[in-house]
Structures are given as structure tokens and as C-alpha cells.
Amino acid sequence: MNYQPLRKFAKTIPVEPRRPPSVTPVTEFQVRKTVETLFFRDNKRRIDFILVYKDDEDEKKKERRRVFEQNLIEEGLELETEDKKQSQDGQTYFVKIHSPWELLVRYAEIMKLKKPIKKFIVIRGGEVWKDDVEKKKHGLFAWLGIKDPFQYDDNLIPQEPTYFSTGFSRSRVEQFIIKDREAFFTPSQRSQIVWEILLRVHYSDAELDSFRLRSVGISRLLSSETYVAAYPLHDGRYDKDGPDGPLCDRRLLYMEWAYFGKWYKKQPLHVIRRYFGDKMALYFAWLGFYTEMLIPASILGTFTFICGLFVMFSDFNKPSEEICNSQANMTGSLIMCPLCDKLCDFWKLSTSCLNSRITFLFDNPATVFFSIAMSFWATMFLELWKRKQAVIQWQWDLENYEEEEELRPEFEEKVTTTRINPVTNKPEPYLPIMSQITRLVAANSLVILMLFVVMAAVFGVIIYRMAVAIAMYQTGSDLIRRNAKIVTSMTAACLNLIVIIILNFFYEKLVVWLTNLEVPRTETEYEDSFTLKMFLFQFLNFYSSLIYIAFFKGRFFYHPGDADARTNLLMNLRYDMCDPAGCLFELFVQLAIIMVGKQFFNNAIEIFLPIMRVWWNKRTGHDNQLSEAYTRWEQDYDLDPYTRLSLFNEYLEMVIQYGFVTLFVAAFPLAPIFALLNNVVEIRLDAYKYLTKSRRPRAERIQDIGIWFSILKGITYFSVFTNALVISYTSDFIPRLVYMYGYSPENNLEGYIENTLSVFNTSEYTDTMGPENREGWPETCHYRAYRNGPGEDNAYGFNLQFWHVFTARLAFILIFEHVVFLLTGAVAMAIPDIPVEVKNQMKREKKVERETLFENEMRKIRQERQVRQVSSPDDDHLNIDLGEGLQTRHGSRANTPTSSSSYLRDHRS
């Protein structure tokens, strides 16, 4: 929407920024009296926005502020400035902005804000429900005769009545439901209107169009530090009731939403939207929906884990029984080949007893069905969110909302070339194609370099794992050697988590610099570019070690006497082998530590970092003679600033968590319940942070969650592929099935472990291979592989069973993917994006909107006719004749107010 500010001279407030404070003296009594007020000094005009600037000697900035504020007054806004002597540090000016009714209705019409025209009535099954309160009476808990324990206190936060709404129009203002002018526009809408005006007002008196194009808007003034802050005010204290009780929305939201004791309560989304605006409310609506969807996934994952506990020590776990049986001539007594040269020795298979039992806790048939179920869950989550989002868009009037974005101030400052805009036919800054390509190549080259840094970090953790394992295996303690794999996996995962956190800290700053290097044209382009870079890095940073363990670890090992594997350090990675029980236990440890550790670290940062920032902001203020007058605008100024990337970090945290829940869920069935517990805390923690430790964000209108839905969709599709690979290649599910139905004489797992081990002749070790002490070597040792023995044809080559298992794995992947995609696709097609009931209500809303406007217009015409009849008696005969003639010609339908045809006929008469 491209429009210039509408000019209107308004009453000038006595205090102006360019005038000395003595023009309107403020006494200490007046300041103390208005400490907690949200109004101007007259206690009548409400403060809709605050501009902040520091005392400086820069004449250019002073002139910009003078012109900008004068133009704001001419636009119709009312300003009042607090002198720097009234601030805590004695150097800060606060400009209070109020938007009068005339300006609000003017811009509400321009911005196409929808406002109520009639009470909303839902017709369903022959019943009429007039509003949400009526609908609540038909809920499950009401049917059971008990109060809904998950509902917030209706006495404090009543259910919001719903209305039919239409675009606001000043010419039909009497047709809208206006009970109170001050409450007709919500605080978020008022701040949104003021922000639109601030974006479009010039701060230069220059007459050149090309210069004035760049001399407009608060964004440019903020980027040049002409103003240091711009924000709407919180509407009161969160920790204390008002004089008439907890009336302000901030206090109500703190009591019923941000308070941790109400963690099980539903979110009052209509109040969140009223206070923070559509963008923030939509984030909490999505987070709440995602958390609710985690409940069935958590129940299913916990049930799968419990099933694993039952079978872990049961007779069904034959492989673990064979590994743990260390008696002579039993499988557990088999001698295994050394895991390294010189420092490592031969070892017994029974050493892996604990690892094998823990592995079977996750590597059992129930995990397969859980993985399939989670693929359905992920698809259902996306489809149901689309339906939920469609309902929210309709309820909040967000559908078909389009906004023409302004150019970023940084773009206009850095770009020196211009072109003629084909739409506006005016000059605008333009970045040539070659410059765009050069900047993109430079930025993406550094991104690729950082991705290689991530891979190097993973490589370093692998080297650490091998070194620690070797050091522990050469100790003389049986306890240490027995638990070497577990200790190595846990310490390596903790080290990997530390590396991830450090890389994230530096990379986020690098991505900001790289995105600025690209010079995106609009805020949307900036956010999309930043999001793609950050997500790509976070994806590799968090998941690369998991991908390595799941799909690459030990896959390229040939046999213990392979000379090529010892040629260089990279080839030595072949010896980073899985335990004979498999790699699934290591994958579980890695995933659990990274996921839980990340959540704990992020929550700690979100709790303590804003508290420390607010404490520091307050501590750096200087006391003066009025230090006890800590005004609302200054209290908010000392809070943590809300930036354009604040919600980005919240979304990114949840999307990475969604990847943990879906991508490798076969290795960690408890991932959904850990995510659920974290999100229950996350909702209240975010609410507490934005209500108490952050400045109130300006309201923004959006249609949906944006690019995040596409990212979630990509993760969902990729999760089907990764879970199929985890089941077929990482777990022993497929080799067990092949053994049971192809090689076992009794179609069970008896002898499975010995069947998976191959034999190596220790005499084939060269002088540089094997343990350093060459005395007492066994003739043969075993290693996990499907390979021929030393005396067979094609010694140490793949045997026939390997190809059977390989074929079965490929077949399982193809079948798993096709079945899951086919069924989830059918489910997606069966679930419409917009509920049928909502479609019907949308059609009915349009019909009622049209009829209500006709009805109100008819009422207005009748009132005008009656006034004319009273004021002009001579015209009564004419009016009566016209009315009778109209009624005689068209019958009684001419008096039907809700008929559009009768309205047109009456209007023509």
C-alpha cells in the first residue's frame, strides 16, 4: 500500500523539542503525580508511542528531529516532550505521542482495518450459539457437570465476544459497534497506526524529490541514531494491581498466562493479540498448538520406551543373552579383534553386555511401528496446523492481507545507484544485477567455509572419541575397559554440545554481517536471507554428528588386516567402529545429550540474560533530584529492546527441536516427551520475558508464520527418509529378520550374534599391526561384518548373506517411504485446508455484512426523511404520495429493510 501522509493541522502542544524546558515548567509534584500514568500531563490523552533521544551537539540531528516532529504535528498527532532533567541520567528526552480519534479513523480506513458491525451468530445443527461463551457451555467438562480445569479464569479474563466485521469507513462510522471511542481501537491497533504515520513522515525540508525519497520515516532516524528508541508503552505494572483491581492487560496476562503456576492453563490468545498484536499472538498460537500435538506423540513414545524396558531382560532379547554369556564355548567368550594397533589388546565379546542390553531398549520391533506412527504424526501436525491457521486468519481478519513494504534504511544508505520505479514512476535506490551476484557469491562463500568448519569440528570429536577409547582400553582396570564405550560416547556428546554452542555464538554474528553484506531490499528479504543461512548452519551444527553416527560410522571398515586403512589419518576413521551390539546406543546418547543440553542452556539464557540486561540498564542510570519519579516510559526504556530477530530466535529454537523429535526419533522414543516438558516451560518463559523484561513490541500484521512452514514441511519429508535409514541401516531390525527367516533353523534369534561375526586370522597381522605384546595371541579373532573367512574363496570379501541383507535394507527403505508417503498423502487430501464450517461462516459473514450495511443505510434514510418531514411540513404531502405510490407499485416488499433490491428502489425514489 503506497500512500503519502495525509496532512492535517492539529492543535500544537505547548512543549516542543526545539524549545527550552522553561516554556512549560514541570514541578516535582506534577512528575510524582504522573509516575504510573499512561497519559499526557492533562491525564486525558493516552500515550500511544514513545520516541527517545539523547542530548547531543549534532546540529543535523537536532534539525531532523525538529522537522520530523513538526511534520508529525501537522499530520495530526499530538506530542509532549519530557525534558532531560526529568530523566534518571539527566541526558535523555522522551517524546510522548497521542493519536486523536479523527486521525485514528482516517488511517483505519486507509489501512483497511476490520471492525465489528454486528453480533456474531453461529448456526450449527439447528442450534444458535451467539458467542464463544455460549459455545463453552456445550463443552465436555460442562456436559460432565464440572469446571474446565484447563480454562483460565473467566472472571478475570472474560471470553471475547465475536462479531461480524468489515473494513472500517468514516462515511459509515455510525454503522459500526462503538461503545467507547477510547476502547474501539485496541492498544496494538493504535500503536500500529502511529507506526504507519512515523514511517511515512519526512524529516527534511529539502525540495528535491530524489533527496526527500531518502529523508522519510522513523526507521532511517533510528538507524542514524537521531532517535535511540521507539516503542509503545506497557499499560501498567505486572507485579501489582491497579487502584481498582487488576484491570490492565499486562497484569491480567501476568496472572493468568505468564505465571508459572498456571502452566496447565490455556492461553488467552485474544488478550495476547490485543496487547502484542497479530504477529506475536500467532507465534504463541503456533507454539501452543505444537505443544498440544506433542501430547499424543509423548504418550506413544513413552509406551514404546516402556515396551523396550520389558523386553530388555526378557527371553525375547536373545542377542543380549548370547553376548552376556561368558561361559566357555559360549558366544560371550569369543575373542574380538583389537580396536587399534599397538595400544589395544584382544577382548571378549561379553564386555559389550551392558551396551547390548541398552541398545535393545531402543532397537526392538516396537521402535519400527513408532517411527511409522511419528511419520503420520508429523504429516497430521502440518495438515491440522493449516486448518488451525485458516481459522485464526478468519477470526483475526488476516486473510488476503498484503502489505507493500518500504525499503530498508540500510539499503538506501548503501545503494548509490537509482532507477525509475515502474509502478510509482519515481526514482528509487536500485542495486545492479552484477553487484547483487557479487555480494551473494561473497556471502555464500563464507557460509560454505563455515559449514566446512562445522565438519572439521565433527571430525575433531571423532578423533577425541578414538583417542579416549584407546586410552581407556589400555588401562589395567576391568571396570574402565568394560564401560569405555559408554564413557567415551557421553563425554564426546558433551564436548560436541559445547562446540555447538560456541559455534552458534560466533556464527550468528557472522550471519548478521553476511546478510548486511548482501544489502537486502526489504525487511522480508532480510529475514528470509537471514533465516535460510541460520537454519542451514544450525541444521549441520546440530545434526551432523548424529548423521555421522547413524549412517557413516563403521560403514567403510574392511577387516582388521586391511593395510589401506592405515595409510593416513582420514583412512584411520574406518577404525571408529560401532559396538558389536550396534551404533543405536551411541546415537541415542548423542541425541539425548545434545537435545536436552540445548534446551537447558537456551532456557537458562532466556531467564538470566534479560534479567542481567535490565539490571545493568538500571544501574548505569545517574541519580538526580527527581530520581524517585521513575516514570512508566523510562521504566520501559530500561527494559531489554525488542528487535526484529527476537521472534526469529524463538521460531528457530522450536524448529530445531522439531527436527530432534522427527528426524531420529527411532533412536530416542523419549524425544517427544522431553520436547513437551520443555515447551510447557517455554510458553510461560517467553510470556514472562516479553511481559516483564522486554519493551512492548510494536504491533505487526501478518498472514501466517511465513517461511517457517516451508522449513517444517521440508523437515517432515526428510524425517521419513532418515527414519527409514535408521531402521534399516543403523538398527539390527533388518539383519534379524533376514537371519530369522533365511538362516535360522528354528526361525528365531538363536545364534544370531555369532552369525553376524566374521573371523580373521591373526597370523596375517604385519609387524605394525595388532597389539604391541605379541605373546599369547589367539589364532583367530572376530569382528562384526558379513565377510568370508581366511580359508575360503575371496577371503575377507562379502559373503552371500551380506547381499541378502543389503537387498532387504533397500527394499525396506523403498517400501517404508512409499507406504508412508502414500498414506500420509491420502490423509492430507482427506483433510481440507479450511474447515467446511469455517467456509460456511465466511460466506455467511459476507452475506450478513452486506445486509447489515443495507439495513443501516435504510435506517439512516428513514431518519433523514423524518427530519425533513418535521422541518418542512409543505413537503409532507409529496413524501406521502411518493411513499404510497411506491408501496402500491411494488407491494409490501418495499418496506423490507434487509432486501438489497428494496433498498435500491427506496434509494432511487
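Everything numeric in this text was worked out from a predicted model, so none of it was measured.

A.B. asks: What should I look at first to understand the overall build of the chain in this one?
C.D. replies: Broken down by element type, the chain carries 31 helices and 14 strands. Counting only residues that meet the buried cut, the chain has 51% of its 909 residues in that class. Long-range contacts, defined as pairs at least 24 residues apart, comprise 76% of the intrachain contacts of the chain with a sequence gap of at least 6. Of the accessible surface of the chain, which amounts to about 43,300 Å², a share of 59% is contributed by carbon and sulfur atoms.

A.B. asks: What's the story with the packing of aromatic side chains in this structure? I'm lost.
C.D. replies: Aromatic ring pairs are described here by two measures, namely the spacing of the ring centres and the angle between the planes. Counted under the stated rule, the structure contains 54 aromatic pairs. Seen in terms of ring centroids, Y275 and F276 are 4.9 Å apart; in terms of plane orientation they differ by 90 degrees. Their pairing is edge-to-face. Taken individually, Y275 and F276 each receive the classification buried, so the pair is uniform in this respect. With a centroid separation of 5.7 Å and an interplanar angle of 15 degrees, the aromatic rings of Y651 and W708 are classed as stacked. Of the two residues, Y651 is situated in helix α23 (residues 646-663) and W708 in helix α25 (residues 707-730); the sequence distance between them amounts to 57 residues. The ring of F542 carries the charged tip of K598 above its face, separated from the ring centre by 5.5 Å. Positioned over the ring face of Y690 is K689, at 5.0 Å from the centre of the ring.

A.B. asks: Sorry, what's going on with helix α19 (residues 484-518) here?
C.D. replies: Because an α-helix packs 3.6 residues into every turn, residues spaced three or four apart end up facing the same way. Taking 1.5 Å of rise per residue, the 35 residues of α19 would be expected to cover 51 Å, and the 49 Å separating its terminal C-alpha atoms lies within 8% of that figure. V519, located one to two residues past α19, shows a positive phi value of around 55 degrees.

A.B. asks: For this particular structure, what's the right way to read the sheet that holds strand β1 (residues 49-54)?
C.D. replies: Strands belonging to one sheet form pairs held by backbone hydrogen bonds; the direction of such a pair is parallel or antiparallel. Taken together, the 4 strands give an open sheet; going across it, the order is β2-β3-β1-β8, and neighbouring strands pair in antiparallel fashion. One side of each edge strand has no neighbouring strand; the edge strands of this open sheet are β2 (78-82) and β8 (229-231). Between one strand axis and the next, the sheet turns through 20 degrees on average, direction left out of account. Here β1 runs beside β8; their pairing, made up of 3 bridges, is antiparallel.

A.B. asks: Even after reading the chapter, I still don't get the pattern of salt bridges, so can you show me in this structure?
C.D. replies: As a working rule, side chains carrying opposite charge can pair if their charged atoms are close by. Within the structure shown, the criterion is met by 23 salt bridges. Across the pair R41 and E82 runs a salt bridge, and its minimum N-O distance is 3.2 Å. Of this pair, R41 sits in the loop between α1 (28-33) and β1 while E82 sits in strand β2, and the two are 41 residues apart along the sequence. A salt bridge links R45 to D42; the shortest N-O distance between them is 2.7 Å. Taking relative accessible area as the criterion, D42 reaches 33% and is therefore assigned partly exposed. Counted as one network, the salt bridges with shared partners bring together R41, E80, E82 and K96.

A.B. asks: Explain unusual backbone geometry to me, please; I cannot follow it from the model alone.
C.D. replies: Residues apart from glycine generally show negative phi values, whereas peptide bonds are mostly found in trans. Residue N747 is not a glycine yet carries a positive backbone phi of 55 degrees. Positive phi outside glycine occurs at Y796, with the angle close to 65 degrees. Tracing the chain through its elements places Y796 in the loop between β14 (780-784) and α28 (800-830). By relative accessible area, Y796 is classed as buried at 7%.

A.B. asks: Please clarify how the confidence of the model for the chain should be interpreted in this entry.
C.D. replies: Looking at the chain, pLDDT values average 76 and 77% of them are 70 or higher. Averaged pLDDT values over the elements of the chain bottom out at 34 in helix α31 (residues 900-908) and peak at 91 in β8. Per-residue pLDDT stays below 50 along residues 207-213; that stretch engages in 11 contacts with residues further than four places along the chain or on separate chains. A low-confidence stretch, residues 622-628 (pLDDT under 50), is modelled with 13 contacts involving residues beyond four sequence positions or located in other chains.

A.B. asks: Whenever I open this one, the side chain of S758 confuses me. Can you help?
C.D. replies: With respect to the helices and strands, the residue S758 is situated in strand β13 (residues 757-761). A polar contact of 2.5 Å, which involves the side chain of S758, links it to the backbone oxygen of A785. Polar side-chain contacts of S758 include one of 3.0 Å to the backbone nitrogen of R787. When neighbours within four sequence positions are excluded, S758 is seen to be in contact with C781, H782, Y783, A785, Y786 and R787.

A.B. asks: Before we go on, may I ask you to explain the state of the cysteines in this structure?
C.D. replies: When the sulfur atoms of two cysteines share a covalent bond, that bond is a disulfide. Summed over all chains, the structure comprises 2 disulfides. Bridging C324 to C353, the disulfide has an S-S length of 1.9 Å. An S-S torsion of about 95 degrees defines the bridge between C324 and C353 as right-handed. Of this pair, C324 sits in helix α13 (residues 318-324) while C353 is found in helix α14 (residues 353-362), placing the two residues 29 residues apart along the sequence.

A.B. asks: Could you clarify how one ought to interpret helix α24 (residues 671-693) in this entry?
C.D. replies: In this model, α24 (23 residues) spans 30 Å end to end at C-alpha, consistent with the 33 Å of a helix rising 1.5 Å per residue. Here α24 lies mainly inside the structure; 17 of its 23 residues are buried.

A.B. asks: Sorry if this is basic, but what is going on with the pairing of β2 here?
C.D. replies: Successive residues of a regular strand alternate their side chains across the two faces of the sheet. Along β2, 5 of the 5 residues are buried, which leaves the element largely enclosed by surrounding structure. By the alternation rule, side chains of β2 split into E78, E80 and E82 and L79 and T81, which are all buried. Bridge count between β2 and strand β3 (residues 92-98): 5 bridges; the pairing is antiparallel. Pairing of T81 across the sheet is with V95, part of β3.

A.B. asks: Even after reading the chapter, I still don't get the nonpolar core, so can you show me in this structure?
C.D. replies: When a protein is soluble and globular, its nonpolar side chains tend to lie buried together. Formed by 141 residues in total, the largest nonpolar core has its most connected members in W286, Y290 and W377. Each residue touching W377, except ones within four places of it in the same chain, is listed here: Y290, M293, L294, P296, A297, Y658, V661 and T662. In this structure, F49, F168, L198 and Y227 belong to the second largest nonpolar core, which totals 34 residues.

A.B. asks: When you look at the packing of helix α26 (residues 733-742) against α28 in this model, what are you seeing that I'm missing?
C.D. replies: A pair of packed helices can be characterised by two numbers: the angle between their axes and the separation between those axes. Between α26 and α28, whose axes approach to 9 Å, the crossing angle comes to 125 degrees. On the basis of the axis angle, α26 is oblique to α28. The handedness of the crossing between α26 and α28 is right-handed. Contacts from F733, I734, P735 and V738 in α26 reach H804, V805, A808, R809 and F812 in α28. Broken down by class, the residue content of the contact of α26 with α28 amounts to 7 nonpolar, 1 polar and 1 charged.

Conventions used here
Residues numbered from 1 in each chain as written. Predicted model: local features only at pLDDT ≥ 70, side-chain atom pairs only at ≥ 80, totals over all residues. Heavy atoms only, no water. Helix = DSSP H or I, 4+ residues; strand = E, 2+ residues; numbered from the N terminus. Buried < 20%, exposed > 50% of the residue type's maximum accessible area, 1.4 Å probe, protein only. Contact = heavy atoms within 4.5 Å. Areas by Shrake-Rupley, 256 points an atom, 1.4 Å probe, with all protein chains shown as cover. Phe/Tyr/Trp six-rings, centres within 6.5 Å; stacked < 30°, edge-to-face > 60°. Lys NZ or Arg CZ within 6 Å of the ring centre and 35° of its normal. Expected span 1.5 Å × (residues − 1). Pairing = 2+ DSSP bridges. Axes fitted to C-alpha atoms, helices over the stretch in contact; angles between N-to-C directions. Salt bridge = Lys/Arg side-chain N within 4 Å of Asp/Glu carboxyl O. pLDDT = per-residue confidence, 0-100. Polar contact = N/O pair within 3.5 Å; in protein donor to acceptor, adjacent residues only side chain to side chain. Disulfide = S-S within 2.5 Å. Core = buried A, V, L, I, M, F, W, Y, C linked by side-chain atoms within 4.5 Å. Parallel < 35°, antiparallel > 145°, perpendicular 65-115°, else oblique. Left-handed = near helix turned anticlockwise from the far one by under 90°. Nonpolar A, V, L, I, M, F, W, Y, C, P; charged D, E, K, R; others polar.

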